[in-house]
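If you want the building blocks of each chain, they are given just below.
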Amino acid sequence: FRHKRSGWLLPSVRVTFEDGRQRFLSGSDASFKKGFGENKILRRCCHDCRFSTLPRISDITLGDFWAIGKRAPFPHDVDKGVSLVLVHSERGAQAFDACRDSFFSEERTLEEAKDSGGGRMILGPGTKHPAREAVFRDMYSMPYAELAKTYLLEKPTIGGLIRRYFGDRVYLAARRLLGKGRIKK
């Protein structure tokens, strides 16, 4: 459900209808993505997952490397995303080596991987959001628009309004000009 039409740093959601029409929603408009990212709509088992810690029982773990470049320079374009690959076994190493020629790879530290937003899933299961139970309680009795407005959407920010009315490029230019802390998503 994440689409990189606007790049990794400004994620969007693509909705495809049965008749083939598509609609792209920015992250601020995409209530489902927001609820997912804030752990408000994760399945109950995600919060108790015994497989989301180290050491892993899998051969390989794949994820988004959100923190790439925070501990050591990464002089490559990250706008379309960077994947994190953790190899846990000899079998995983063999599988990784067998396809290594088909993509660029660079060894990074586990500490940098743990810094990633998804790093919380490396260290253990996601924390249940306090509103999760209310969302699941009300999802069968409320129309989706009301549920989203009540639990999943934030109040508009200046950054969100700039993106909606002027587009992603103007939003990014404003953040660069004024600083990230001054214009929130």
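To keep things clear, this report deals only with the structure shown in the data block. (Residues numbered from 1 in each chain as written. Predicted model: local features only at pLDDT ≥ 70, side-chain atom pairs only at ≥ 80, totals over all residues. Heavy atoms only, no water.)

Focus on the layout of surface pockets
Over the atoms rolls a probe the size of a water molecule, and in doing so it shows where empty space is left. There is about 670 Å³ of room inside the second largest pocket. Lining the second largest pocket are 25 residues, with Ser83, Val85, Glu106, Glu107 and Arg108 positioned closest to its centre. Listed by contribution, the elements that provide at least two residues to the lining of the second largest pocket are β5 (83-87) and α3 (110-115). The leading source of residues in the lining of the second largest pocket is β5, at five residues. (1 Å grid on protein atoms, 1.4 Å probe; cavity = no way out; pocket = protein on both sides within 12 Å on 5 of 7 lines; lining within 4 Å. Points joined across faces, edges and corners; volume = space filled by probe spheres on them. Helix = DSSP H or I, 4+ residues; strand = E, 2+ residues; numbered from the N terminus.)

As for helix α6 (residues 144-152)
By the burial criterion, the buried members of α6 are Leu147, Ala148, Tyr151 and Leu152. Looking straight down α6, one finds its buried side chains confined to an arc of 100°; they lie on one side. Seen from the buried face of α6, the exposed residues on the opposite side, beyond 90 degrees, are Ala145 and Lys149. Looking at the buried positions of α6, the neighbouring elements they touch are α1 (31-37) and α5 (132-138). (Buried < 20%, exposed > 50% of the residue type's maximum accessible area, 1.4 Å probe, protein only. Arc of directions from axis to C-beta. Contact = heavy atoms within 4.5 Å.)

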